[in-house]
Amino acid sequence: TTLFRSVAFAFWGMASHAFGAVQDVKADREGGISSIATVIGARLTTRFAFALYLAAGVLMLGVPAPANWAAIAAVPYLVILLPHLNITDENCESANRGWRRFIWLNFFAGFVVTQLLILTSLFG
């Protein structure tokens, strides 16, 4: 279960960083900055982030309760990414709307996951 949590956490972080890079594809390329999004493009990066969030949620289903409840936290992130799955490098800036939602969601999801971790350490 520790492995599942660790891999899920790594996938979550990778997804977050990848999606954050999507909105800056054009600017980063113009500035000579490399990121996953500048290398593989906005669409593939967004789809990669979606797959990583999904995988993180599925992995969390494999840990004991109540920690496995954290799997539900992946759902809003998937919903935020859905409208951007067909984004292009040309309209990459439109991902900023999703990114702003993502930032607010992090406050709530972080609180919920932290509470679950505390419950797990106390009672799990």
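Here we summarise the structure given alongside this text. (Residues numbered from 1 in each chain as written. Predicted model: local features only at pLDDT ≥ 70, side-chain atom pairs only at ≥ 80, totals over all residues. Heavy atoms only, no water.)

On to the overall build of the chain, then. Within the chain, the secondary structure is distributed over six helices and zero strands. The N-to-C order of helical and strand elements in the chain reads α-α-α-α-α-α. The principal-axis extents of the C-alpha atoms in the chain amount to approximately 50 × 25 × 20 Å. Buried positions account for 40% of the 124 residues belonging to the chain. Sequence separation of 24 or more characterises 74% of the internal contacts of the chain that already satisfy a separation of 6 or more. Counting every atom, the chain has about 7,000 Å² of accessible surface; 70% of that belongs to carbon and sulfur. Each charge class in the chain was averaged separately, 8 positive and 6 negative side chains, and the resulting centres sit 11 Å apart. (Helix = DSSP H or I, 4+ residues; strand = E, 2+ residues; numbered from the N terminus. Buried < 20%, exposed > 50% of the residue type's maximum accessible area, 1.4 Å probe, protein only. Contact = heavy atoms within 4.5 Å. Areas by Shrake-Rupley, 256 points an atom, 1.4 Å probe, with all protein chains shown as cover. Lys, Arg positive; Asp, Glu negative; His and termini not counted. Charge placed at Lys NZ, Arg CZ, Asp CG, Glu CD.)

Taken together, M14, I36, V39, I40, L44 and F48 make up a surface patch of nonpolar side chains, about 510 Å² in accessible area. Counting residues per element, the ones that place at least two in the nonpolar patch are α3 (36-40) and α4 (42-60). The leading source of residues in the nonpolar patch is α3, at three residues. By secondary structure assignment, the location of F48 is in helix α4. (Patch = residues over 30% accessible without salt bridge, like charges linked within 9 Å, V, L, I, M, F, W, Y side chains within 5 Å. Salt bridge = Lys/Arg side-chain N within 4 Å of Asp/Glu carboxyl O.)

Moving on, we come to the nonpolar core. F19, V22, A42, A49, Y53, Y77 and L81 are the most contacted members of the largest nonpolar core, which has 21 residues in total. Every element with two or more residues in this core is listed here: α1 (2-22), α4, α5 (74-81) and α6 (95-123). Residue contributions to this core peak at five residues, all from α1. Counting residues in each nonpolar core, the second largest holds nine residues, with M60, V63, A67 and A71 among its members. (Core = buried A, V, L, I, M, F, W, Y, C linked by side-chain atoms within 4.5 Å.)

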